[in-house]
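# A structural walkthrough
Listed below are the residues making up each chain.
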Amino acid sequence: MSYSTEDLLSKVDLGNTFGAFFIGAALAAILFGLTNVQAFIYLQTHRETDIVSYKLVVFWLWILDALHLALLVHCTYHYLVNNYNNFSALTEIVWSFKLQVLVNVLIIPIVHLSYVHRIWILSKGRTRVLPAIAFGILVVLCSGVAIPVVWAMYKCHSFRDLIRIEFWTYGIVGSAAFVDIVIASSLCYLLVTSRTGFSRTDSFLAKLVGYTVSTGSLTSVCLIMVIITCAVLPKTFIFLAIDFLAAKLYVNSFFALLNARYYVRDNVDAVDSAGFHMRHGVYRPELRIGSSQDPELQASRKDSNDDVLHITHPIQDIAAPAASSLEMQSFSLA
């Protein structure tokens, strides 16, 4: 019996199967560490805000992400430690592998719904077609693709059975990538059309467009890689290893976009504050009067006991930060 098991194991390329499985779980653990950092930054910067619902979304995504990693660790330990030399156990799908698929399917729609809510906020006072289209596509794809995939996965008992649901794998992964493109395009359109003509506001919006494109592209590229590797290398677990990273990338990209407003705002404030004198919370550049100037001005200066003349800002300089602040608050989820 042991001879037959060793003979079967010798015919299996463990490097492309459970080796890729292990690498995917290790990379997922690294991305979960980044998730912890992003969640900590968000909670620290929102300690004094009263919007509890958004904090619950962040907390719920963190819980699901941690559960997803715990299930991956259990899968890896089950196959590579408890049953490293048991070929029959290596071919069977353990319960934690099925459950991590369900958690993965829960994480991605939650992130998509959060993005749709962001689109809804940005479209206030303008067309409501974009959020309606995005929400409709999300609901149809979740109900029409995600639920059948989860049901088909729970009916599989061995990794060979995954070949039978290969079409559903293409469907759910391709649908998620399509939703990413729709959401990223909608956000970019709303941000670009929100330009006010002020340099500070337009610079802020341009950076947000860059964040949106980069985060949307990251998840889309990951899902496309899952489709390619599954089609080219269906007998390996490389596509599973990449799929393990998809949920982590969704959570990290969403948290990074939540924190982007504060990174950009700090940079803009640091630039705008240079060269200005702060007094009582109002920027006032200083203009000093020399002794060679008009004696009447010097007398009036002595009477007022003030050595500095304060020049008020033009209306444009005051309106630009206000418009930028309004755009930042309307874009933020919190």
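Sequence order as written defines the numbering, with residues in each chain counted from 1. Local features in this predicted model are restricted to residues of pLDDT 70 or higher, and side-chain atom pairs are both shown and tallied only at a pLDDT of 80 or more, whereas totals for entire chains, interfaces and linings draw on every residue. Excluded from the side-chain calculations are hydrogens and water; all other atoms, namely the structure's heavy atoms, are used.

### Remarks on the overall build of the protein
Along the protein, the regular secondary structure elements total 11 helices and four strands. Contacts are residue-level and defined by heavy atoms, with any inter-residue pair within 4.5 Å sufficient. Relative to all contacts within the protein whose residues are 6 or more apart in sequence, the contacts with residues 24 or more apart total 78%. Only the protein chains shown count as cover for residues, with accessible areas throughout obtained via the Shrake-Rupley method and a probe of 1.4 Å. For the protein, the accessible surface area stands at approximately 17800 Å², while carbon and sulfur atoms represent 67% of it. Segments assigned H or I by DSSP are reported as helices when at least four residues long, segments assigned E as strands when at least two residues long, and all are numbered from the N terminus.

### Some details on a nonpolar patch on the surface
Residues forming no salt bridge and having over 30% relative accessible area are the ones grouped into patches, like charges within 9 Å of each other and nonpolar side chains (Val, Leu, Ile, Met, Phe, Trp, Tyr) within 5 Å. We define a salt bridge as a contact between a side-chain nitrogen of Lys or Arg and a carboxyl oxygen of Asp or Glu at a distance within 4 Å. Residues Phe22, Ile23, Leu27, Ile30, Tyr77, Leu80 and Val81 make up a contiguous nonpolar surface patch of roughly 660 Å² in combined accessible area. At the level of elements, helix H2 (18–45) and helix H3 (52–82) are the ones that each hand at least two residues to the nonpolar patch. Among the elements that make up the nonpolar patch, the one with the highest residue count is H2 (four residues). Tracing the backbone through its elements, the reader meets Phe22 in helix H2.

### Describing the environment of Val179
One can find Val179 in helix H7 (residues 166–192). Summary of the burial criterion: residues with accessible area below 20% of their type's maximum are buried, those above 50% are exposed, and those between are partly exposed, where the area comes from a 1.4 Å probe applied to protein chains only. By relative accessible area, Val179 is classed as buried at 4%. With 38 residues separating them along the chain, Val179 and Leu141 place their C-alpha atoms 8.7 Å apart.

### So, the confidence of the model for the protein
Averaged over every residue, the pLDDT of the protein is 75; residues scoring 70 or more account for 70%. Across the protein, the secondary-structure element scoring lowest on mean pLDDT is strand S1 (residues 278–279), at 38, and the one scoring highest is H2, at 93. Values of pLDDT, the confidence the predictor places in each residue, fall between 0 and 100. Per-residue pLDDT stays below 50 along residues 1–5; that stretch engages in two contacts with residues further than four places along the chain or on separate chains. Every residue in residues 270–330 scores below 50 in pLDDT, and together they form 55 contacts with partners more than four places removed in sequence or on other chains.

### So, the nonpolar core
Soluble globular proteins: nonpolar side chains tend toward being buried together. Core analysis: the largest hydrophobic core is formed by 78 residues, its most contacted members being Phe21, Phe97, Ile107, Phe159 and Phe255. Going through the elements one at a time, H2, H3, helix H5 (95–122), helix H6 (129–154), H7, helix H8 (199–232) and helix H9 (238–272) are the ones with two or more residues in this core. For this core, the element with the highest residue contribution is H9, accounting for 15 residues. Ignoring any residue separated from it by four or fewer positions in sequence, one finds Ile107 in contact with Leu61, Leu64, Asp65, Ala247 and Val251. Residues grouped as a nonpolar core are buried Ala, Val, Leu, Ile, Met, Phe, Trp, Tyr and Cys residues, joined through side-chain atoms within 4.5 Å.

### Re H3
For a helix, the expected span equals 1.5 Å multiplied by the residue count minus one. Helix length check: H3 (31 residues) gives 43 Å between terminal C-alpha atoms against 45 Å at 1.5 Å per residue, within 8%. Listed in full, the buried residues belonging to H3 are Tyr54, Val58, Leu61, Leu64, Asp65, His68, Leu69, Leu71, Leu72, Cys75, Thr76 and Tyr79.

### Description of empty space enclosed by the protein
Take a probe with the size of a water molecule and roll it over the atoms, and the empty space left behind shows itself. The distinction between a cavity and a pocket rests on a 1 Å grid over the protein atoms alone: a 1.4 Å probe fits inside a cavity but cannot get out, while a pocket stays open yet meets protein on both sides within 12 Å along at least five of seven lines, and a residue with an atom within 4 Å of a point counts as lining. Grid points are joined across faces, edges and corners, and a volume is the space filled by probe spheres set on the points. If you walk through the whole model with that rule in mind, you get one cavity of 30 Å³ or more. When its volume is computed, the largest cavity comes out at roughly 100 Å³. Contributing to the lining of the largest cavity are 13 residues, with Tyr115, Asp180, Ile183, Thr215 and Gly216 lying nearest its centre. Residue classes in the lining of the largest cavity are distributed as six nonpolar, six polar and one charged. Following the grouping adopted for this structure description, the nonpolar residues are Ala, Val, Leu, Ile, Met, Phe, Trp, Tyr, Cys and Pro, the charged ones are Asp, Glu, Lys and Arg, and the polar ones are all others, Gly among them.

### Topic: the packing of aromatic side chains
Pairing of aromatic rings covers Phe, Tyr and the six-membered ring of Trp, with a centre-to-centre limit of 6.5 Å; geometry is then stacked below 30 degrees between planes, edge-to-face above 60, and tilted otherwise. The full count for this structure, using the stated rule, is 15 aromatic pairs. Summarising the aromatic geometry, the rings of Phe97 and Phe159 are spaced 5.7 Å apart at their centres and angled 70° between planes, so their arrangement reads as edge-to-face. Here the residue Phe97 occupies a position in helix H5, and Phe159 occupies one in the loop between H6 and H7, the gap between them amounting to 62 residues. Phe97 sits in the buried class, given a relative accessible area of 1%. Looking at Phe159, the relative accessible area reads 10%, which means it is buried. Taking 4.7 Å as the distance between ring centres and 45° as the angle between the ring planes, the aromatic pair formed by Phe159 and Phe237 counts as tilted. Linking Phe159 in the loop between H6 and H7 with Phe237 in the loop between H8 and H9, this pair joins segments that are 78 residues apart in sequence. By relative accessible area, Phe237 is classed as buried at 9%. Put simply, the rings of Phe18, Phe21, Tyr79, Phe97, Phe159, Phe237 and Phe244 pair up and form one aromatic cluster.

### Considerations on the environment of Val173
Checked against the element boundaries, Val173 lands in helix H7. Measuring from C-alpha to C-alpha, the distance between Val173 and Ile224 comes to 7.6 Å, with 51 residues separating the pair along the chain. Not counting residues up to four positions away in its chain, the partners in contact with Val173 are Leu223, Val226 and Ile227.

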